[in-house]
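# Geometric and topological summary
Below are the chains, spelled out letter by letter.
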Amino acid sequence: MILAVASGKGGTGKTTVSASLLSVWGKPVVGVDLDVEEPNLHLFVRPEIAGREKAFMEIPVADETKCTYCRQCSDLCQFKAISVLGEVLLTFPEMCHGCGGCISICPEGALSAGSRELGEISWGRAGKAGFLMGRLRVGEAMSPPLMRAVKEKLRGMTSHGAMDVIIDAPPGVSCPAINAVMDSDVILLVTEPTPFGLFDLKLARQAFTPLNKPMGVVVNRAGVGTSDVYDYCKGSGLAVIAEIPYDRSIAEAYARGSIIAETSSGFRDMFIEMAHKVRSMNGGSHGREEV
Amino acid sequence: MEKIAISCVEPSLDADVDPRFGRAAGYLIVDPDSMEFEYLDNGGSQVLAQGAGIQAAEIVARSGARVVLTGFVGPKAFQALSAAGIKIGQGVENLTVKQAVERYKAGQVEMASQPNRKGHWS
């Protein structure tokens, strides 16, 4: 199964939950950091990195001597990454989404495939778990293309034998967050009982509901704030599968880069129970959709 | 004189200059000698997630205008306008279209050598 640990609001505890679930999972599992804009799972699971590679995306390279300024490429591109101005052909490689349409449509063969570096993919082992992460190149504006490259690598890592996957997703509800959760079997939404946590939890539920996957809520910092998050979950049919207490020892362990489940038997049991509940959410009528 | 494209909030010589180039409501293409004009709507820019400045440069280039007067031009629009050989006068926001044209005709609008806005991603 593939579990995506997501949230609307950032800083609710996605990585805390991901790292602890990896630690107690008890079955073959790969931890994947898909928050490629600011990956941090490795700071907690401290993997031994076995390999790295750069990821690239195809962008058009123009041979202006062949261009007849017919504008077909310019009219096709929805992102204005290629433009014909009078008798000048301009490309804006950093704005290209890599669809390859301009190269295909050019009747003169004036466009060929070049590449733009997206970032780096690295992999290895963290204890018994496999580990995989992407790190976006500084200056790269789009994370979904690198996320797709990380997921392609993941398919290679999980192709031999039954292997579960825990995805540490980026926050928010825009393209990167959707890209991180759309291949999962179960989505955990980590939130906190504050107005901010509630507001963004609502957004996340709205954004992910059309994916038709089982969703559960983990309330982190339970004890602060109000009961509004619980009332919302009850009213909207979202099960709160775990509460992580607002506890100084957790903050201290986090600041040291420790995995919370490994700091006490009580926390360990809490995450083992969380893992059981996640597994029981898998299956049912919600099949896995390959995208 | 060469035709001028001015970013504007409404299709009128008395309209305010729209300070934004790429996401302006539209452009008045003005003949500075006769003050005759035509209006080009830029409402389509609102649905573009990115590239509004480049699209605006395409619209202006196709209009035949050789000069742009506006408030702010970002780096990609600047590059595109420059590639099309269009001269750029920035900083004429807070004027009407007519006032901006008069000021240009009087030689009081400095032609830009670089953009005066950063891109969203830089």
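Everything that follows concerns the structure shown earlier in this document.
These notes cover the structure that comes with them. Owing to the predicted nature of the structure, the values given are computational and were not obtained by experimental measurement.

## What to know about the overall build of chain A
Across its full length, chain A holds 10 helices and 11 strands. In terms of its C-alpha atoms, chain A occupies a principal-axis envelope of roughly 70 × 40 × 40 Å. Evaluated residue by residue, chain A yields a buried proportion of 52% over its 291 residues. A sequence separation of at least 24 residues applies to 73% of the contacts in chain A between residues at least 6 apart. Total accessible area computed for chain A in this model is approximately 13000 Å², and 53% of it derives from carbon and sulfur atoms. Looking at charge distribution, chain A has the averaged site of its 29 positive side-chain charges lying 4 Å from that of its 33 negative ones.

## What to know about the nonpolar core
Residues Val32(A), Leu132(A), Leu189(A), Phe208(A), Phe21(B), Val60(B) and Leu81(B) are the most contacted members of the largest nonpolar core, which totals 78 residues. Counting residues domain by domain, this core receives three or more from each of domain 1 (2-55 + 119-290) and domain 2 (57-117) of chain A. Core analysis: the second largest hydrophobic core is formed by 37 residues, Met1(A), Ile259(A), Phe271(A) and Met274(A) among them.

## Overview of the interface of chain B and chain A
Across the contact, 15 residues belong to chain B and 17 residues belong to chain A. Connecting chain B to chain A are 3 salt bridges. Taking the shortest distance from any N to any O, the salt bridge between Lys76(B) and Glu94(A) comes out at 3.7 Å. Our enumeration of links across chain B and chain A arrives at 6 residue pairs in polar contact (both at pLDDT 80 or more). Among the elements of the structure, helix H1 (52-63) and helix H2 (75-83) of chain B are those that each provide at least two residues to the side of chain B that touches chain A. Take the side of chain B that touches chain A: its biggest share by element is 6 residues, from H1(B). When its residues are assigned to classes, the side of chain B that touches chain A shows 8 nonpolar, 4 polar and 3 charged.

## Focus: H2(B)
Among all positions of H2(B), only Ala77(B), Phe78(B), Ala80(B) and Leu81(B) are buried. One face of H2(B) carries all of its buried residues, which in axial projection span an arc of 165 degrees. On its buried face, H2(B) is in contact with strand E4 (82-85) and strand E5 (88-91) of chain A together with H1, strand E4 (67-69) and strand E5 (87-89) of chain B. Of the residues trailing H2(B), Gly85(B) is marked for its positive phi of about 75 degrees.

## Remarks on the packing of aromatic side chains
As enumerated under the stated definition, the model contains 2 aromatic pairs over all chains in all. With a centroid separation of 5.0 Å and an interplanar angle of 35 degrees, the aromatic rings of Phe44(A) and Tyr254(A) are classed as tilted. One end of the pair, Phe44(A), is in helix H2 (residues 41-45); the other, Tyr254(A), is in helix H9 (residues 248-256), and 210 residues separate them in sequence. Note on Tyr254(A): relative accessible area 41%, which makes it partly exposed. Ring geometry for Phe21(B) and Tyr27(B): centres 5.6 Å apart, planes at 50 degrees, overall tilted. There is no split in this pair, since Phe21(B) and Tyr27(B) are both buried. Positioned above the aromatic ring of Trp123(A), the side-chain terminus of Lys153(A) is 3.8 Å from the ring centre. Directly above the ring of Trp25(A) sits Arg279(A), whose terminal nitrogen or CZ lies 4.3 Å from the centroid.

## Section: the pairing of strand E3 (residues 37-41) of chain B
Pairing between strand E2 (residues 26-30) of chain B and E3(B): 5 bridges, direction antiparallel. Bridging from a neighbouring strand, Val30(B) pairs with Phe37(B) of E3(B).

## What to know about the pairing of E2(B)
Residues and elements named next belong to chain B. With 5 of 5 residues buried, E2 lies mostly within the body of the structure. The pairing of strand E1 (residues 4-8) with E2 spans 5 bridges and is antiparallel. Bridging from a neighbouring strand, Ala5 pairs with Ile29 of E2. Between E2 and E3, which pair antiparallel one after the other, the connecting turn spans 6 residues, and Met35 there sits at a positive phi close to 60 degrees.

Basis of the calculations
Residues numbered from 1 in each chain as written. Chains lettered and ligands numbered in written order. Predicted model: local features only at pLDDT ≥ 70, side-chain atom pairs only at ≥ 80, totals over all residues. Heavy atoms only, no water. Helix = DSSP H or I, 4+ residues; strand = E, 2+ residues; numbered from the N terminus. Buried < 20%, exposed > 50% of the residue type's maximum accessible area, 1.4 Å probe, protein only. Contact = heavy atoms within 4.5 Å. Areas by Shrake-Rupley, 256 points an atom, 1.4 Å probe, with all protein chains shown as cover. Lys, Arg positive; Asp, Glu negative; His and termini not counted. Charge placed at Lys NZ, Arg CZ, Asp CG, Glu CD. Core = buried A, V, L, I, M, F, W, Y, C linked by side-chain atoms within 4.5 Å. Domains from an automatic or database assignment. Salt bridge = Lys/Arg side-chain N within 4 Å of Asp/Glu carboxyl O. Polar contact = N/O pair within 3.5 Å; in protein donor to acceptor, adjacent residues only side chain to side chain. Nonpolar A, V, L, I, M, F, W, Y, C, P; charged D, E, K, R; others polar. Arc of directions from axis to C-beta. Phe/Tyr/Trp six-rings, centres within 6.5 Å; stacked < 30°, edge-to-face > 60°. Lys NZ or Arg CZ within 6 Å of the ring centre and 35° of its normal. Pairing = 2+ DSSP bridges.

So, to be careful, I would describe these as geometric facts and stop short of saying anything about function.
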